[in-house]
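Residue-level structural notes
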Amino acid sequence: MGAEAQMVELVIEALDRDGAGLASLGRDRYRVHGTLPGERVRVREVRRRRRRVEGQVVEVLQPAPQRVEAPCPHYGPCGGCSLQHLAYDGQLAFKARQVQEALARAGVEGPIAPVLGMEEPWGYRNKLELTFGRASDGTPFLGFHRRGRWQEVVPARGCLLAPGGLLAAVPIVERWAAAQGLEPYDPRTHAGFLRALILREGRATGQRMVALVTSPAPELPDQEGLVAALRQGVAGLASLLWVVDDSPSDALTVSQVHRLWGKEAIEEELGGRRYRIGVESFFQTNTQQAERLLATALALAEPGPADRVLDLFCGVGTFSLPLAERAAQVIGIEWVEEAVEHARRLAREAGLTNARFLAGPVRLLLPEAVAQLGGVELILLDPPRSGAGGKVMRKIGRARPQRVVYVSCNPQTLGDDLTHLLPFGYRVSQVQPLDLFPHTPHVETVVRLDRIEAAG
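All figures in this text were calculated on a predicted structure; none of them were measured in a lab. (Residues numbered from 1 in each chain as written. Predicted model: local features only at pLDDT ≥ 70, side-chain atom pairs only at ≥ 80, totals over all residues. Heavy atoms only, no water.)

The next subject is the overall build of the chain. The helix and strand inventory of the chain stands at 11 helices and 22 strands. A compact globule built from 456 residues would reach a C-alpha radius of gyration of about 23 Å, and the chain, at 24 Å, matches this within 12%. Principal-axis analysis of the C-alpha atoms gives the chain an extent of 70 × 60 × 40 Å. In the chain, which comprises 456 residues, the share counted as buried stands at 54%. Sequence separation of 24 or more characterises 62% of the internal contacts of the chain that already satisfy a separation of 6 or more. Only carbon and sulfur atoms are counted for the fraction: they give 49% of the accessible area of the chain, which is about 20,200 Å². (Helix = DSSP H or I, 4+ residues; strand = E, 2+ residues; numbered from the N terminus. Rg over C-alpha atoms; globule rule 2.2 N^0.38 Å. Buried < 20%, exposed > 50% of the residue type's maximum accessible area, 1.4 Å probe, protein only. Contact = heavy atoms within 4.5 Å. Areas by Shrake-Rupley, 256 points an atom, 1.4 Å probe, with all protein chains shown as cover.)

Dropping the structure here:
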C-alpha cells in the first residue's frame, strides 16, 4: 500500500495456528505477526482482501507479560521462526492449546500431558536449507525467504536455531561465489546459477555435510579452491557435494549429485542405531528431541512379545526396528523405495529376521500386510503433515488392532484423522505433545488409542 498505508491501533485477541496475532476492528479482521494476546499495538496495513487485513506491527504500545526481546538479528523479516518474542513457557502453553483445540474438534476431551520442551531451545537444528539472494551491491549472499515474500531473501548470519559450527560454511561459500562473479537463480526469469546451500550435521557423530545446489553447468568454477576453503573452515566436514537442480521451480529438485570430497552421506545415531543421511534423506531435524519422541512412542505402544505390529509411513524404520526387538512380527510400509531399502539393510545388520518392509502406498498395502501377519495387535503410524487420510484411518479401524499409536506433526490433520477412526470403537487413552521445533508454531503429538471392547 506504500505511503498511503493505513495505520491503526489494535488489541490482540488470540494467536492463530502460525503464531500470528488476531484482532478485530469494526468488521475488519487483522492478522499481525510478532504480537501477543492482550497487547495494544500500532499496526500498518500491508495487504487487504475485503475485510481480511495483513498488518505489520510498528509499535507495541502495551506489551504482554510474556513478551521477551527476540535475540536473533533477523527475527521478524525472516520466515524461519515466528515465536521468538514469546517466552519459552508461553510457547509450550500455545502448543498445548493447539493440540487441545484440534482434539476437541474431533470430539476428544480429557487430559493432555504437559508439552515436553527443551532445557536449551537454541542451536538444535541438524539441517538447514539456505537460498541465494542478491545484496544491494549485486553480490550473492545466503539466507532464508522473507516472511510472505518468497522472491526475497533475508541473510542467515547469526541464525540461532543452528549450531555455529555448521554455519561456518556460509561466509566461505559467499566469498567464493562473489569471487567467481556467479549469479543467484531467479525463479521468475529462470536465469542464474546459484540456487541453495544444504547443511547437515550428525549431532551424535559430529559429521557434517555441505551441499551446494546450482543450475546445470559443465563444471563448477574454481572447484579446488572451494573444496580447500571448506575443508579448512568447517570442522567435522565429512561430505562435500555439488547438487544439480534442473527444475524451473524454487522448490529443491535433485537431478544429479556430484561428490566433490569425502563421502556421499553422513551418519547419525538415534535410539542406539546409526543412520545414513544423504542430501535428500528425511531425518528429524532435532536429534535430541527425536530421541524423546522415539522413547515416548515406544512407551505408549507397549509392544508385547506376542504382538503382531504394523508401522505405517515407516521411513527408514526408526520405530519399526525397536518395535521388532520387543514384538513377535513387524511389517513397515513406506512409499519411498530408498528409505525401505535402508530399513531392510538396518534390519539385516541388527539380525532382526522378524521385521519386513513393503514399498508402496500405505492405503493399498495395509490390508495385504494385515493378511500376511494373520491379524494385528498394534498399529503405529507417523504420517506426513497432510495426515494419513480417511481411507487409511478407516482401514486401520477395520483391521481391529487392540492399540493404535499415532505420531503426529500437525494437530489439525491429527484431529481430522481421528474422526475417521473413533467410530470403529476406539478411545483416546493418552496424549503426549513434544516440542521438536522451539520458536516455531509446530508441535509433535503422540496419541495412544485403545479399542474399547479390547480394553474392557
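Text resumes after the structure shown.
What follows covers the pattern of salt bridges. Under the defined criterion, the tally for this structure stands at 28 salt bridges. Taking the shortest distance from any N to any O, the salt bridge between Arg29 and Glu13 comes out at 2.8 Å. Here the residue Arg29 occupies a position in strand 4 (residues 28-33), and Glu13 occupies one in the loop between strand 1 (7-11) and strand 2 (14-15), the gap between them amounting to 16 residues. Take Arg29: its relative accessible area is 27%, and that puts it in the partly exposed class. A salt bridge links Glu325 to Arg273, with the nearest nitrogen and oxygen atoms 2.5 Å apart. Of this pair, Glu325 sits in the loop between helix 6 (320-324) and strand 17 (329-334) while Arg273 sits in strand 15 (residues 273-277), and the two are 52 residues apart along the sequence. Shared partners join several salt bridges into a network, and the residues in it are Glu9, Arg40, Arg42 and Glu59. (Salt bridge = Lys/Arg side-chain N within 4 Å of Asp/Glu carboxyl O.)

How two helices sit against one another is set out by the angle between their axes and by the gap between those axes. Viewed as axis vectors pointing N to C, helix 9 (residues 390-399) and helix 10 (residues 411-421) meet at an angle of 40°, and their least axial separation amounts to 8 Å. It follows from the interaxial angle that helix 9 and helix 10 lie oblique. As helix 9 runs across helix 10, the sense of the crossing is right-handed. Taking contact as the criterion, the partners of Gly390, Met393, Arg394, Ile396 and Gly397 in helix 9 are, on helix 10, Asp417, His420 and Leu421. Here the contact of helix 9 with helix 10 is built from residues that sort into three nonpolar, three polar and two charged. (Axes fitted to C-alpha atoms, helices over the stretch in contact; angles between N-to-C directions. Parallel < 35°, antiparallel > 145°, perpendicular 65-115°, else oblique. Left-handed = near helix turned anticlockwise from the far one by under 90°. Nonpolar A, V, L, I, M, F, W, Y, C, P; charged D, E, K, R; others polar.)

The next point concerns helix 5 (residues 287-301). Over its 15 residues, helix 5 runs 21 Å from end to end, which matches the ideal 21 Å to within 8%, given 1.5 Å per residue. By the burial criterion, the buried members of helix 5 are Thr287, Gln289, Ala290, Leu293, Leu294, Thr296, Ala297, Leu298, Leu300 and Ala301. Looking at the buried positions of helix 5, the neighbouring elements they touch are strand 14 (266-270), helix 6, strand 19 (378-381), strand 20 (403-408), strand 21 (426-434) and strand 22 (444-451). Positive phi appears at Glu302, one or two residues downstream of helix 5, with a value of about 50°. (Expected span 1.5 Å × (residues − 1).)

This part is about the layout of surface pockets. In this structure, the second largest pocket occupies an estimated 900 Å³ of space. Surrounding the second largest pocket, 29 residues form its lining, His33, Gln56, Gly76, Pro77 and Arg147 being those nearest its centre. With four residues, the top contributor of residues to the lining of the second largest pocket is strand 6 (residues 52-62). Taken together, the residues of the lining of the second largest pocket sort by class into eight nonpolar, 12 polar and nine charged. (1 Å grid on protein atoms, 1.4 Å probe; cavity = no way out; pocket = protein on both sides within 12 Å on 5 of 7 lines; lining within 4 Å. Points joined across faces, edges and corners; volume = space filled by probe spheres on them.)

With 12 residues, helix 8 (residues 362-373) ought to run about 16 Å at 1.5 Å a step, and its terminal C-alpha atoms sit 16 Å apart, in line with that. Positive phi shows up at Gly374, right after helix 8, with a value of about 75°.

This next bit is on the side chain of Asn126. Take Asn126: it is sitting in the loop between helix 1 (88-105) and strand 7 (127-134). Engagement of the side chain of Asn126 in a polar contact is seen with the side chain of Thr287, the distance being 2.8 Å. Setting aside its immediate chain neighbours within four residues, Asn126 contacts Leu166, Leu199, Arg200, Glu201, Arg203, Glu268, Phe283, Gln284, Thr285, Asn286 and Thr287. (Polar contact = N/O pair within 3.5 Å; in protein donor to acceptor, adjacent residues only side chain to side chain.)

What follows covers empty space enclosed by the protein. Applying the stated rule across the entire model yields one cavity of 30 Å³ or more. The wall of the largest cavity is formed by Asn126, Arg200, Glu201, Ile266, Glu268, Ile277, Phe283 and Gln284. Looking at the lining of the largest cavity, the elements that each hand over two or more residues are strand 10 (194-201) and strand 14. Of the residues in the lining of the largest cavity, the class split is three nonpolar, two polar and three charged.

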